[in-house]
Each structure stands twice: as structure tokens, then as C-alpha cells.
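# Breakdown of the fold
One letter stands for each residue in the lines below.
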Amino acid sequence: MRQKRLDARMLALIGVLAALVFALSLVEFRIPLALGDKTRIHFGNIMCLVSGVLFGPMVGGMAAGLGSMFYDFTNPLYFSEFWITFLTKFCMGWTAGMLAKHALAKVPMFPRVLVAGLGGQLVYIALYLCKTAVMQHFLYGNPWPAVWVVVAGKAAVSSVNGLLAVAGCALLAPALAAGLKTTGLLARRGTA
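Each chain has its residues counted from 1, running along the sequence as written. Where local features are concerned, this predicted model is filtered to residues with pLDDT of at least 70; where side-chain atom pairs are given and counted, the filter is 80 or more; whole-chain, interface and lining totals use all residues. Values shown for side chains rest on all heavy atoms present in the structure; no hydrogens or waters enter the calculation.

## Section: the overall build of the chain
Heads up, the rule is: Segments assigned H or I by DSSP are reported as helices when at least four residues long, segments assigned E as strands when at least two residues long, and all are numbered from the N terminus. All radius of gyration figures rest on C-alpha atoms, and the globule criterion is 2.2 Å times the number of residues raised to 0.38. Burial status follows relative accessibility: with a 1.4 Å probe on protein chains alone, a residue under 20% of its type maximum counts as buried, one over 50% as exposed, and anything between as partly exposed. Contact definition: two residues touch when any of their heavy atoms are within 4.5 Å. Residues counted as positive are Lys and Arg, residues counted as negative are Asp and Glu, and His and the chain ends are not counted. Here the site of a charge means NZ on Lys, CZ on Arg, CG on Asp, or CD on Glu.
Across its full length, the chain carries seven helices and two strands. If you list the helices and strands of the chain from N to C, you get α-β-β-α-α-α-α-α-α. Taken over the C-alpha trace, the chain has a radius of gyration of 17 Å; the compact-globule value for 192 residues is 16 Å, and the two agree within 12%. The principal-axis extent of the C-alpha atoms belonging to the chain is close to 55 × 30 × 25 Å. Relative to its full complement of 192 residues, the chain shows a buried share of 49%. Nonlocal contacts in the chain, meaning residues at least 24 apart in sequence, comprise 72% of its contacts between residues at least 6 apart. Charged side chains of the chain number 16 positive and 5 negative; the gap between the two group centres comes to 15 Å.

Structure follows, in C-alpha cells:
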């Protein structure tokens, strides 16, 4: 039976997954960019993708968005962008969940997780780079040539971050799915 509303179990699941996204976002390597901008490689995106792949688009999107947003609340460098982070990370988890649950439902586990993770990560990178360009030009007033330098730097770091996240998801999701199936949690809501 498919549930269409939030119950206590689903809210608890979103909370636990969001906490894991938050905790893994704290494992980071900061990278300075041109014009004093900031970026980082972190492991939070792994759990954003795993949440979507294992538990579907809504749970994955909410866990990814909330966990990443709470990270922004704790960091003065990112605080002002918390709402943008919520939306972009929600889209990452939601896309990974939609691909895993609907578009690739009949595909074997490993390729499904790999493609769904890659799709979620590509959507996030595109949104992140668009946000960077808009903010650099329209908010900070930088000329377009300087904006593209910053965007190129963030694209390089985001690509590395994305590859790490997709690889981590491809390794972690099948292992977690095997254990979670015994709890019955994936049988009700999951995609694995």
C-alpha cells in the first residue's frame, strides 16, 4: 500500500537522513577562488543522493534540502544563501529519487544508482553554477569576464565533488539497501 501523506515514521526518516547530510557536510576541504569567492569539496552530497535513490524523490529532496540548509545556518559564509541551498539540494535529491524510482525502476541496482546519482548531481551542478553567475554579476556587480572565471573555478571543484558523490552513492546505496530491506523500510517506500 502506498502512503500519500506524511506520517511520524516518514518524518523521523527525513530527520535522520537530514542529520546525516548535515554531518557529512561538515567533512570538507575549503578551496579559495578568484575574486575572494568560496567553494569546497564535502561529503554531504553523497547522502543527498543516497536519500533520493533509496527513499524516493520527496524524502530524498526534503532530507537533502533540510540537511544542507541546516549546514548553512551554522556557517556565516553560507548563511545568507540558506534558502537557495534548500531549493538546489532539494532538486538534487528529488531528481535522484525520481530517476531511481520511476525512470529506471526496472534497471538492476548498481546501474540504476549510478545513473540516478549522476542525474541528481548534474541537476545540482547546473543550478549551482547558474546561481553563482547570477549572484556574481547582478548582486556583486562583477563584469561578465570575471564572472566566468569564478564560474569555471566552481565548475571544476563541483565536478570533482560530484564525481565523489556519485561514486560514494554507488558504493553506499546498495550496501545500505541490503540492510534496510530487513527492516521493511524499503519495502514500503524505497526504490531499491
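Read on for the rest.
## Quick look at the pattern of salt bridges
Note the threshold: What makes a salt bridge here is a side-chain nitrogen of Lys or Arg within 4 Å of a carboxyl oxygen of Asp or Glu, nothing more.
What the rule picks out here adds up to three salt bridges. Across the pair R40 and E28 runs a salt bridge whose closest N-O atoms are separated by 2.7 Å. Here R40 is found in strand β2 (residues 38–42), whereas its partner E28 is found in strand β1 (residues 28–32), with 12 residues between them in sequence. Judged by relative accessible area, E28 falls into the partly exposed class, the value being 22%. Where K131 meets E81, a salt bridge forms, and the shortest distance between an N and an O atom there is 2.7 Å. In this pair, K131 is assigned in helix α5 (residues 109–139) and E81 in the loop between α3 (57–73) and α4 (82–103), connecting sequence segments 50 residues apart. Using a relative accessible area of 16% as the deciding quantity, one classes K131 as buried. A network of salt bridges, in which partner residues are shared, links E28, R30 and R40.

## Regarding the environment of S158
Mapped onto the fold, S158 is located in helix α6 (residues 144–181). On the basis of relative accessibility, which here comes to 7%, the residue S158 falls in the buried class. Not counting chain neighbours up to four residues away, the residues in contact with S158 comprise I125 and Y128.

## Side note on the side chain of N75
Under the convention used in this document: By the criterion applied in these results, polar contacts are pairs of N or O atoms within 3.5 Å in which, for protein atoms, one can donate a hydrogen and the other can accept it, and in which residues neighboring in sequence qualify only through two side-chain atoms.
Checked against the element boundaries, N75 lands in the loop between α3 and α4. Of the polar contacts made by the side chain of N75, one reaches the side chain of Y71; its length is 3.0 Å.

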